[in-house]
2 protein chains.
Amino acid sequence: MSASTDDTARAGVDGGEFRRPTMRDVAARAGVSLKTVSRVVNAEPGVSPALADRVRRAVTELDFRPNVGASSLRRADGKTATVGLLVADVANPFSSALQRAVEDVAMPRGVVVFSASLDEDPERERELARAFAARRADGLILVPASDDQSYLEAEVRAGTAVVCVDRACRGVDVDSVVATNRSGAAEGVRHLFAGGHRRVAFLGDRQSIWTASERYQGYLDAFAAAGLEIDPSIVVHDLTDTGVADGATSTLLTRPNPPTALFTAQNLVTIGALRALRRLGAERTVALVGFDDFPLADVVSPGVTVVAQDPWAIGKLAASVLFSRLAGDTSPTQLHVVPTTLVRRGSGEIPPPH
Amino acid sequence: MSASTDDTARAGVDGGEFRRPTMRDVAARAGVSLKTVSRVVNAEPGVSPALADRVRRAVTELDFRPNVGASSLRRADGKTATVGLLVADVANPFSSALQRAVEDVAMPRGVVVFSASLDEDPERERELARAFAARRADGLILVPASDDQSYLEAEVRAGTAVVCVDRACRGVDVDSVVATNRSGAAEGVRHLFAGGHRRVAFLGDRQSIWTASERYQGYLDAFAAAGLEIDPSIVVHDLTDTGVADGATSTLLTRPNPPTALFTAQNLVTIGALRALRRLGAERTVALVGFDDFPLADVVSPGVTVVAQDPWAIGKLAASVLFSRLAGDTSPTQLHVVPTTLVRRGSGEIPPPH
DNA sequence: CTGTTAGCGCCTTCAA
DNA sequence: TTGAAGGCGCTAACAG
């Protein structure tokens, strides 16, 4: 039952598994040398049509799949036609739009994408970058979870292209693509001021996250420019998911002298605030401006006014930069800045009471 | 400038790139044999602590990264600690929740995930499955876009584990994990009947998609069980994105004798219908039940009643099955069925006029 | 406990 | 235009 007297395509493993056909098998079947098969498979010129045809037939008959790992081992450029993508959470709409954009640039080039979620954990960032490097990804697109990417220097020197997205890389000289977090946040808060609000609460994620602290700076900028004092009791950080954002919003709105408007600095925070507003029946009395757009922001009522980033455009740009580096572009690295836009949908235009 | 007289770590490529250190480099630096390095790197027993330490130091000093491709080439099991995930669209909430679940099962095992979007294109399915196979993914989790996966047979025979999700695989004997599409859809429609509706429209995706046709069957089942006639003029198929779903809903509701309730058979269709309902100011007069839950379904007003699938649970199950197959489970393949649940949120409880 | 030899599947270099 | 030899980085099988 487990005896393997057949030496062509059976593995010795039990369960009746077959050995994958190799170029040698294809060559034998087509009656040519291994190198000729290699030429045909890689579309190298200089093979007579007759031979090429015989090879192609053998390839389909045997269901031959070239082994990219083996070929990159010997190949001059060592490329694997693989890139890695590290985001905060693939289930977050910002991340998944980014991922889709990267895919859309990679696929037409025959490049496949590794992806992984970091959950803002610096250790996971390093582990997964290492895991992708061990699989010899040609490039890495990374939404940094840590504040120092110098651990990537060896990879970069070895020829791995790296692009940081959403937050700039630090400790290593590579390209980054970021949005106008600070000025965009300031614009959102100014919009609330323009509507007559003075008590504008800030709800944001952990300040150790670069974008979170930038957006908080924008909030501060807007207050400073308007000559207004900040009330630290309506500033809340460390909101890491919708649940805690919901709770924090409740607390804020049910205390004495509540804010008349909310600025939520991240999409999950916005959604949490939205839930709280609805539960309290306050969605038409308390103004809300969120940073980062999300699906259905236009369908809830009132629609949610946001400072929108374009994750798809950001991803496209990041991937384009990555591939041009892989193609040999050695110009100085750049920090690419993508503008945000204020999208008025109703929630941000609610006037203060009085 | 491009001369390379240095033979240690410089590549001949211009641009000053460095060759990656190999086990040989580590061995030389630690003053041991290559095999000893291999043992330490792979945590094989039988290396004296002193040597192991020297090796580990050399590894960090050189920033050595083992080459998984090369190792799998020689390794007995040929495994790459890599799985591929093929979904309809990573940017769709159902797909991205699924992806996250797969990741959560894979990561603790040191397995990384390739992912790709198929956009319901059968050709892309085959191309990407082939691309993942060429990189020797140990397993494949697949939301089929085509109705025949027999092209995977060679992979399966070669030992690649395959699990189909959302729709059962056909043409190849592998595990599948699906939801109760037909009975769930019937339950959703029955719920509208129970609320007094008789004119219930069906809005769905292309019937060539297995889940779409199953859900349509459920719609038919509910009508048959209730002894009601179907009005084909309020049945619309081929709704492939939110835009066309929005348009179709508008058309349906602005014609004479419009339906009093909508059954939308996919999350993007539900969202499109929602947009149309709001634009027409009909969200509180026309009932709506959607198949498949989506973020913020509870935040819009009224909340959207849905037949919910649990993509995270489905993904967890699919990944568990995959890894148990990879671990050697050879029991007969199964069709795992995950139940759907009706979630009442308001839109499905709107009564008919009169 | 440590090292040597051979070869995984493929591409490079070079010769016919 | 075709093919033979050698080696990429690593591990299996066997020595010592």
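Residues numbered from 1 in each chain as written. Chains lettered and ligands numbered in written order. Predicted model: local features only at pLDDT ≥ 70, side-chain atom pairs only at ≥ 80, totals over all residues. Heavy atoms only, no water.

1. Focus on the packing of helix H2 (residues 34-41) of chain B against helix H3 (residues 49-62) of chain B
All names here are of chain B.
Line of reasoning, step 1. Orientation of H2 relative to H3, taken along the N-to-C sense of each, is 85°, at an axis distance of 10 Å. Comparing the axis directions of H2 and H3 gives the class roughly perpendicular. Contacts from Thr36, Val37 and Val40 of H2 reach H3 at Leu51, Ala52, Val55 and Arg56. (Axes fitted to C-alpha atoms, helices over the stretch in contact; angles between N-to-C directions. Helix = DSSP H or I, 4+ residues; strand = E, 2+ residues; numbered from the N terminus. Parallel < 35°, antiparallel > 145°, perpendicular 65-115°, else oblique. Contact = heavy atoms within 4.5 Å.)

2. Some thoughts on the protein's contact with DNA strand C
Line of reasoning, step 1. Around DNA strand C, the structure places 26 residues, and the nearest of them are Met23 and Lys35 of chain A together with Thr36, Ser48 and Arg74 of chain B.
Line of reasoning, step 2. The contact atoms of DNA strand C, taken as those within 4 Å of the protein, divide so that sugar and phosphate hold 62%.
Line of reasoning, step 3. Within the backbone of Ala70 of chain A, a nitrogen or oxygen atom sits 3.4 Å from a base nitrogen of DNA strand C.
Line of reasoning, step 4. Ser48 of chain B is positioned with one of its backbone polar atoms (N or O) 2.6 Å from a phosphate oxygen of DNA strand C.
Line of reasoning, step 5. Among the elements of the structure, helix H2 (34-41) and helix H4 (68-74) of chain A together with H2 and helix H4 (68-74) of chain B are those that each provide at least two residues to the surface near DNA strand C.
Line of reasoning, step 6. No other element matches the four residues that H4 of chain A contributes to the surface near DNA strand C.
Line of reasoning, step 7. A class-by-class count of the residues in the surface near DNA strand C yields eleven nonpolar, nine polar and six charged. (Near = heavy atom within 4 Å. Polar contact = N/O pair within 3.5 Å; in protein donor to acceptor, adjacent residues only side chain to side chain. Nonpolar A, V, L, I, M, F, W, Y, C, P; charged D, E, K, R; others polar.)

3. A short note on the protein's contact with DNA strand D
Line of reasoning, step 1. Around DNA strand D lies a shell of 26 residues, among which Thr36 and Ser48 of chain A together with Met23, Leu34 and Ser38 of chain B are the nearest.
Line of reasoning, step 2. Sugar plus phosphate: this is where 66% of the atoms of DNA strand D within 4 Å of the protein reside.
Line of reasoning, step 3. Here Arg74 of chain A contributes a side-chain N or O atom positioned 3.0 Å from a base nitrogen of DNA strand D.
Line of reasoning, step 4. Between Met23 of chain B and DNA strand D, the recorded distance is 2.6 Å, taken from a backbone N or O atom to a phosphate oxygen.
Line of reasoning, step 5. Mapped by element, the contributors of at least two residues to the surface near DNA strand D are H2 and H4 of chain A together with H2 and H4 of chain B.
Line of reasoning, step 6. With four residues, H4 of chain B is the largest single contributor of residues to the surface near DNA strand D.

4. Regarding the packing of helix H1 (residues 23-30) of chain B against H2 of chain B
Residue and element names in this part refer to chain B.
Line of reasoning, step 1. Relative to each other, H1 and H2 sit at 105°, their axes nearing to 8 Å. Taken together, the axes of H1 and H2 lie roughly perpendicular to each other. Contacts between H1 and H2 involve Met23, Arg24, Val26 and Ala27 from the first element and Leu34, Val37, Ser38 and Val41 from the second.

5. So, the pairing of strand E11 (residues 335-338) of chain B
Residue and element names in this part refer to chain B.
Line of reasoning, step 1. Residues His336 and Val338 point to one face of E11 and are all buried, whereas Leu335 and Val337, pointing to the other face, are not buried.
Line of reasoning, step 2. Pairing of strand E5 (residues 175-179) with E11 involves four bridges; the strand directions are parallel. Across the sheet, residue Ser176 finds its bridge partner in E11, namely Leu335. (Buried < 20%, exposed > 50% of the residue type's maximum accessible area, 1.4 Å probe, protein only. Pairing = 2+ DSSP bridges.)

6. A look at helix H12 (residues 311-326) of chain A
Residues and elements named next belong to chain A.
Line of reasoning, step 1. Taking 1.5 Å of rise per residue, the 16 residues of H12 would be expected to cover 22 Å, and the 22 Å separating its terminal C-alpha atoms lies within 8% of that figure.
Line of reasoning, step 2. Of the positions making up H12, those classed as buried are Pro311, Ile314, Gly315, Ala318, Ala319, Val321, Leu322, Phe323 and Arg325.
Line of reasoning, step 3. The elements touched by buried residues of H12 are strand E1 (82-87), helix H5 (93-106), strand E3 (139-142), strand E4 (161-165), strand E5 (175-179) and strand E11 (335-338). (Expected span 1.5 Å × (residues − 1).)

7. Looking at the relation of the copies chain B and chain A
Line of reasoning, step 1. Aligned on chain A, chain B shows an RMSD of 0.1 Å; the corresponding rotation is 180° and the shift along the axis is 0.0 Å. Expressed as an axis order, the relation between the two copies is that of a two-fold axis.
Line of reasoning, step 2. Interface overlap between copies is the fraction of interface residues in one copy that are interface residues in the other; for chain B against chain A it reaches 100%, indicating a shared surface. (Least-squares fit on C-alpha atoms with pLDDT ≥ 70 in both.)

8. Quick notes on the pattern of salt bridges
Line of reasoning, step 1. This model, assessed by the stated rule, comprises 48 salt bridges over all chains.
Line of reasoning, step 2. Between Glu153 of chain B and Arg157 of chain B there is a salt bridge; the shortest N-O distance is 3.7 Å. You can see Glu153 of chain B and its partner Arg157 of chain B sitting in helix H7 (residues 153-157), four residues apart, about one turn around the helix.
Line of reasoning, step 3. Judged by relative accessible area, Glu153 of chain B falls into the partly exposed class, the value being 39%.
Line of reasoning, step 4. The class of Arg157 of chain B is partly exposed, set by a relative accessible area of 38%.
Line of reasoning, step 5. One continuous salt-bridge network, built from bridges that share partners, spans Asp89, Asp119 and Arg124 of chain A together with Arg100, Glu103 and Asp104 of chain B. (Salt bridge = Lys/Arg side-chain N within 4 Å of Asp/Glu carboxyl O.)

9. Focus: empty space enclosed by the protein
Line of reasoning, step 1. Per the stated rule, a full pass over the model turns up ten cavities of 30 Å³ or more.
Line of reasoning, step 2. Looking at the largest cavity, its volume works out to about 200 Å³.
Line of reasoning, step 3. Forming the boundary of the largest cavity are 19 residues, of which Gly69 and Arg135 of chain A together with Gly69, Thr80 and Arg135 of chain B lie nearest the centre.
Line of reasoning, step 4. Elements with a contribution of two residues or more to the lining of the largest cavity: H4 of chain A together with H4 of chain B.
Line of reasoning, step 5. By residue number, the principal contributor to the lining of the largest cavity is H4 of chain A, which donates four residues.
Line of reasoning, step 6. Grouping the amino acids of the lining of the largest cavity by side-chain chemistry returns five nonpolar, ten polar and four charged. (1 Å grid on protein atoms, 1.4 Å probe; cavity = no way out; pocket = protein on both sides within 12 Å on 5 of 7 lines; lining within 4 Å. Points joined across faces, edges and corners; volume = space filled by probe spheres on them.)

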